[in-house]
Structures are given as C-alpha cells and as structure tokens.
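One-letter residues, chain by chain:
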Amino acid sequence: MQQGPLTEEQLEWLDDIFMKYSTEESLVDASELDGMLTAIVSSPVTVPPEEWLPAIWGGEDQMPEWESEEEFRRFHDLLSQHMNDIVDRLTEYPEQFEPLFGINTVDGKEFTVVEEWCFGYMKGVDLGDWSSLPASLQPALLVIALHGREENFARLEKLTVEEYNISVEAIRPAAISLHARHPLH
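Conventions adopted
Residues numbered from 1 in each chain as written. Predicted model: local features only at pLDDT ≥ 70, side-chain atom pairs only at ≥ 80, totals over all residues. Heavy atoms only, no water. Buried < 20%, exposed > 50% of the residue type's maximum accessible area, 1.4 Å probe, protein only. Helix = DSSP H or I, 4+ residues; strand = E, 2+ residues; numbered from the N terminus. Contact = heavy atoms within 4.5 Å. Phe/Tyr/Trp six-rings, centres within 6.5 Å; stacked < 30°, edge-to-face > 60°. Lys NZ or Arg CZ within 6 Å of the ring centre and 35° of its normal. Core = buried A, V, L, I, M, F, W, Y, C linked by side-chain atoms within 4.5 Å.

### A closer look at helix H9 (residues 171–180)
Okay, so step 1: Burial within H9 is extensive, with seven of its ten residues counted as buried.
Okay, so step 2: Listed in full, the buried residues belonging to H9 are Ile-171, Ala-174, Ala-175, Ile-176, Ser-177, Leu-178 and His-179.
Okay, so step 3: Residues of H9 that are buried sit in contact with helix H2 (30–42), helix H4 (69–92), helix H5 (115–127), helix H6 (138–148) and helix H8 (161–169).

This is the structure in structure tokens:
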C-alpha cells in the first residue's frame, strides 16, 4: 500500500465511485469522506471499522455490489492510505493538515464549499461517543456543526459575508484542536 496524500487522480476516482454507488444515505464525495475520516480518527473513543465502513454507504444493507475485486481492493487501499495520511498530518504535522473542501465556480469566481466536509465530520461524530469531549472543546465542535447540520442552515443564512468567511476559516483550526486534545493521542 502506498503512503502519503492521495493524488488528484485518486481523489477523482473516489468521487467517481461515490457517484457510481451512492444512495440517499451514503456519503456523496471524497470531501465528505475526508470529513468523516477526520472525525473518526479524532473521536474521544475508538470507532471500529465494522461501524464506520458500512456508514460510508449508509448502512450494512447499502453496501455496494462492487464491479470487480480490483475495484473493491482499490477503494479500500485508497481509503486506508487517506486515513493514515490524515492521522499522520493531524498527529505529526498539524500545520500541513488541510480539510478536503470542495470548490464551486460561479460566474468565473471560485467559492470554497465546506458543507460536504462538515456533514461528513458530523456523521463521523455521530458514530462515536463524544460525551467525554471537554467543555473547552465544545466550541470547536460547534464551528464544524454550524456547516455540518441542517438545523443550522437558517443561522448560516443570517451571517454576513464576513461572518461566513470567518466561520469557514475557523473549521481547520477546530479540526486540529479536536484531534490534538483527546485521550487517544
């Protein structure tokens, strides 16, 4: 298995796999997967693979019928490589950690899309027991939940452009602090 960050081609392949096998409950793209894996490796308690692997697809009964053994193996190899890279960056090189946010282009202007990543992160949170998260870290989790929970959309819509941009800028440091301060690390 390879090490290090996934290439653009590998990330696009993962996006294609999600397009091919997605369901109403599954993750939608590599950005949402990145968020979910970041939360899983940052969880105050270990989330076993037999819980989070089916959650990628929306549950045990939603698992894909892979086209081939090679496709299945490549997906799982890339998944492991990406998860290991997230752990390495968060643990050893937090200054190199970058959430895998999407980019949308509207009228020739690029906009950062954080919602998929944040929704993935919160799906990862929902898989673990975060009740032991210290009160001092609750605001960091709320920074991510602001963009990762539907019930916060009305609040997001009321933000000014500047407030919205500040909330987006706060996501990366929030993810780093949530990983750095829990008992598993």
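### What to know about the packing of aromatic side chains
Okay, so step 1: Within this structure, the stated rule accounts for twelve aromatic pairs.
Okay, so step 2: With a centroid separation of 6.1 Å and an interplanar angle of 80 degrees, the aromatic rings of Phe-18 and Phe-75 are classed as edge-to-face. Residue Phe-18 is located in helix H1 (residues 8–21), and its partner Phe-75 is located in helix H4; the two are separated by 57 residues in the primary sequence.
Okay, so step 3: A relative accessible area of 0% places Phe-75 in the buried class.
Okay, so step 4: Summarising the aromatic geometry, the rings of Trp-57 and Phe-75 are spaced 5.4 Å apart at their centres and angled 45 degrees between planes, so their arrangement reads as tilted. Here Trp-57 is found in the loop between helix H3 (49–56) and H4, whereas its partner Phe-75 is found in helix H4, with 18 residues between them in sequence.
Okay, so step 5: An aromatic cluster is built from Phe-18, Tyr-21, Trp-57, Trp-66, Phe-72 and Phe-75, whose rings are joined through pairwise contacts.
Okay, so step 6: Positioned above the aromatic ring of Trp-13, the side-chain terminus of Arg-74 is 4.4 Å from the ring centre.

### So, the nonpolar core
Okay, so step 1: By size, the foremost hydrophobic cluster in this structure holds 46 residues, and its most contacted members are Trp-52, Ile-56, Phe-75, Tyr-121, Ile-144 and Leu-178.
Okay, so step 2: For this core, the secondary-structure elements that each account for two or more residues are H1, H2, H3, H4, H5, H6 and H9.
Okay, so step 3: In terms of residue count, the dominant contributor to this core is H2 (seven residues).
Okay, so step 4: The contact partners of Ile-144, leaving out residues within four places of it in the chain, are Trp-117, Cys-118, Tyr-121, Met-122, Ile-171, Ala-174, Ala-175 and Leu-178.

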